[in-house]
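Listed here are the chains, written in short residue letters.
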Amino acid sequence: MVNLADLFDGSAARRLDAHAGALAGDGGWGLMAQAGQAGWHCLLQHWPQAQRIGVVIGAGNNGGDGLVLAGHALQAGRQVEVIALADTPPATSLAQRAAAAFAAAGGTVAPFTGTLPPADVWVDALFGLGLRGAPRDAAAALVNALNAQPAPVLALDVPSGVDADHGAVPGAAVSATRTLQFLLAHRGLATGAALDHVGHCELAPLQVPEAAWADIQPAAHLWDAGRLAAMLPPRRRTAHKGDSGHVLCVGGNHGSGGAALLAAHAALRAGAGLVSLATRGAHVVAALARLPEAMTHAVESDGELQPLLPRASVVAIGPGLGQDAWARALWRDACHSGLPLVVDADALNLLAQAPQPVPQAVLTPHPGEAARLLQWPTAQVQQDRFTAGQTLADRYQAVVVLKGAGTVVCAPGGVPAVIGAGNPGMAVGGMGDLLTGIIAALRAQGVGAFEAAATGALLHALAGDAAAAQGRRGLLPTDLLAPLRQLCNPELSHA
C-alpha cells in the first residue's frame, strides 16, 4: 500500500518497476498501459476542454507512457501531435510495443524540427527517470521550445531535465504546469530547484502486487499539515508554565538586536512557558517595550550569561550574535552548558570555524552556512540537499534543518523529512530567527530533537503560507506570529 507521505529515490523506483513487471509476467507492459491511461485521465481532469493534444516523446519507457496516452487521446477523438527527437527511434521493447500500438491506432510521430505546433495541452514524455545530467543539443532545444510555447504542460513522472533523486536542475528542464508521478513519489521533486519545474505534483500509484514492495523503503518522508495534530496534543487542564519549559535566547549584538528579539517572540508564540533574552545592554529598553513577556537581561560578558544557564531548558543561540569576542564567549558558554541547543546564524559560523560534535543540538543552516560547515561550495549543497543535510548531521552528531525551498531535516543515521510547505515570500531577513525560536520552544516542551526540528520547520512554513495569503512581496517575519499561534493549537480546527 502506498503511503502518500513516503518519498523514494530512483533506485527504489526502478526496483519496484522491475519487481512488478516480473510478478505480472508481462515484462512491464501492464504498468506502462496503466501509466499512459493515468496520464490521460489526469489530462482530462484538469483540461477537459482540450481538443489539440501535443506529446513530446523520448526513446525510452517514458516516451512509451506518452504514446499510450496519445493513443487514448486518439480514441477519444482528439487531434494528436506526437513529436520525437530526430533519429531517436524507440529504444526499449516496451517503447517499441507502445509505438506499434499507436501506429496501429492511426497515430503518426513527427520529428522535432525546431518549433512546436499549437496545442491546447502539451505532454512531456521525453526522459522521466532515464536522464543522467543535463539534456544536450537537440533535446535541450526541444525542452526550451516546450517552455516557450503558451499552453500548459503535463509532465509524466518527472519533468524532463530535473534530477528526481536530488532535486537539482543541471541544465535545460521542462517547467511543467502539473507533474503526474507514477508508482511512488520521488524525493527530489520535493526540494531545491526542482520546485521551480514540477508545478502541482500528483501521484498515480498504479496497481502492483503487494509482494513487489518487499524491499522498497522510503528515502524520506514528506511532512505536511496533517502531522500537526499528532505532534501538538492539547495541554492538560492542570498544566502550568513550568511544564512548557524555559527558552534562553542568546544574541543581539550591536546593530542586530531585533534578531534575538524575533526568536524570543516566536518561542513565546510557539508555547514556551518562559522565555529569557540575553542581549547587549543597549537593547534592553527596546526589548522590554516590544516584548514585556520575555525576561530580558543585559549581558556584556560571559560572566553575566552563566547565572542564566541553570534556569534554562534549552538555549537558542545565534540570531544577531556576531563573531566578535563577545559572541565567542557566549557561544563557548552555551556549548559547555550541557543544555540542548538550537544553533543558527553566526553561531553556525563560529561552529564552522572550530568544528566539534554538538550532540543534543539542532542546527538550522541556510545553504551558505551549510557550505561553510561542510567546506563545500554552496552550489554543491544545492545540487544534493539530501546528502548535504545528512553529511552535516553525521559529522556534527546533531539534527540539521537545511533551510530553503523544500526544507530538509536530517538526523544522524535517520530518514530525512522534507517540509511540504513554505513560499518565496519568506525569503527576507529575520525569518530564520523565528524558526530558531519555534524549534527551541518545542524542545523546551519536551519534544525530541528531530521531531522538534521537523515540526518547527513545518509550523514556520505553514505560518508563512497563511501570512502570504495577503501577498508574498512585503511579507515580514512578524506577520507569521498570529497564524503561528493558531497552528500551534491544531485542536481548534476540529472544535
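Located above this text is the structure these notes cover.
Residues numbered from 1 in each chain as written. Predicted model: local features only at pLDDT ≥ 70, side-chain atom pairs only at ≥ 80, totals over all residues. Heavy atoms only, no water.

### Structural notes on helix H4 (residues 93-104)
Here is step 1 of the chain: Across its 12 residues, H4 extends 16 Å between first and last C-alpha, which sits within 8% of the 16 Å expected from 1.5 Å per residue.
Here is step 2 of the chain: Looking at the buried side of H4, the elements it contacts are helix H2 (29-46), helix H3 (61-75), strand S3 (79-84) and strand S4 (109-111).
Here is step 3 of the chain: Gly106 sits one or two positions beyond H4 and adopts a positive phi of about 100°. (Helix = DSSP H or I, 4+ residues; strand = E, 2+ residues; numbered from the N terminus. Expected span 1.5 Å × (residues − 1). Contact = heavy atoms within 4.5 Å.)

### Quick word on the pairing of strand S13 (residues 295-298)
Here is step 1 of the chain: Inspection of the sheet shows strand S12 (residues 274-279) paired to S13 by 4 bridges, in the parallel sense. Paired with Ala278 across the bridge in S13 is His297.
Here is step 2 of the chain: Read from S12 through helix H8 (residues 284-290) to S13, the crossover connection turns out right-handed. (Pairing = 2+ DSSP bridges. Right-handed = clockwise from strand over helix to strand, strands pointing away.)

### Here's the deal with the nonpolar core
Here is step 1 of the chain: Counting residues in each nonpolar core, the largest one holds 58 residues, and the members touching the most others are Val247 and Val409.
Here is step 2 of the chain: Per-element tally for this core: the top contributor is helix H16 (residues 449-467), with 12 residues.
Here is step 3 of the chain: For Val409, the residues in contact, after removing those within four places along its chain, are Val399, Val400, Val401, Pro416, Ala417, Ile419, Phe450, Ala453 and Ala454.
Here is step 4 of the chain: Listed in part, the 47 residues of the second largest apolar core include Ala220, Leu309, Ala334 and Ala398. (Core = buried A, V, L, I, M, F, W, Y, C linked by side-chain atoms within 4.5 Å. Buried < 20%, exposed > 50% of the residue type's maximum accessible area, 1.4 Å probe, protein only.)

### Examining the sheet that holds strand S1 (residues 6-8)
Here is step 1 of the chain: Within the open sheet, the 12 strands sit side by side as S8-S1-S10-S19-S18-S17-S16-S15-S14-S11-S12-S13. Their pairing is mixed. Looking along the sheet, the strands with just one partner apiece sit at the ends: strand S8 (185-186) and S13.
Here is step 2 of the chain: By the bridge criterion, 3 bridges tie strand S10 (residues 220-223) to strand S19 (residues 417-419) in an arrangement that is parallel. Counterpart to Leu222 in the pairing with S19 is Val418.
Here is step 3 of the chain: Against the sheet, helix H7 (residues 257-269) makes contact with strand S11 (246-250) and S12, and its axis sits at roughly 175° relative to S12, the strand it touches most. (Axes fitted to C-alpha atoms, helices over the stretch in contact; angles between N-to-C directions.)

### What to know about helix H15 (residues 431-444)
Here is step 1 of the chain: Along its 14 residues, H15 runs 20 Å from first to last C-alpha, staying within 8% of the 20 Å computed at 1.5 Å per residue.
Here is step 2 of the chain: Burial runs high along H15: 14 of the 14 residues are buried.
Here is step 3 of the chain: Once H15 finishes, Gly446 follows within two positions and takes phi at roughly 95°, a positive value.

### Focus on the sheet that holds strand S9 (residues 200-204)
Here is step 1 of the chain: Across the sheet, 7 strands lie side by side as S4-S3-S2-S5-S6-S7-S9; this open sheet has parallel pairing. This sheet does not close on itself; its edge strands, each paired only once, are S4 and S9. The sheet shows a mean angle of 25° between the axes of neighbouring strands, taken without regard to direction.
Here is step 2 of the chain: Direction of pairing for strand S5 (residues 121-125) relative to strand S6 (residues 153-156): parallel, over a ladder of 3 bridges. The residue bridging Val123 from the neighbouring strand is Leu154, located in S6.
Here is step 3 of the chain: In the packing of H3 onto the sheet, the strands contacted are strand S2 (52-57), S3, S4, S5, S6 and strand S7 (178-182), and the crossing angle to S2 comes to about 160°.

### Examining unusual backbone geometry
Trans is the common state for peptide bonds, and a negative phi is the common state for residues other than glycine.
Here is step 1 of the chain: With a phi close to 60°, Asp87 is a non-glycine residue in the positive phi region.
Here is step 2 of the chain: Judged by its relative accessible area of 78%, Asp87 falls in the exposed class.
Here is step 3 of the chain: Non-glycine residue Asp157 carries a positive phi angle of around 75°.
Here is step 4 of the chain: Relative to the elements of secondary structure, Asp157 occurs in the loop between S6 and S7.
Here is step 5 of the chain: The exposure class assigned to Asp157 is buried, which follows from its relative accessible area of 9%.

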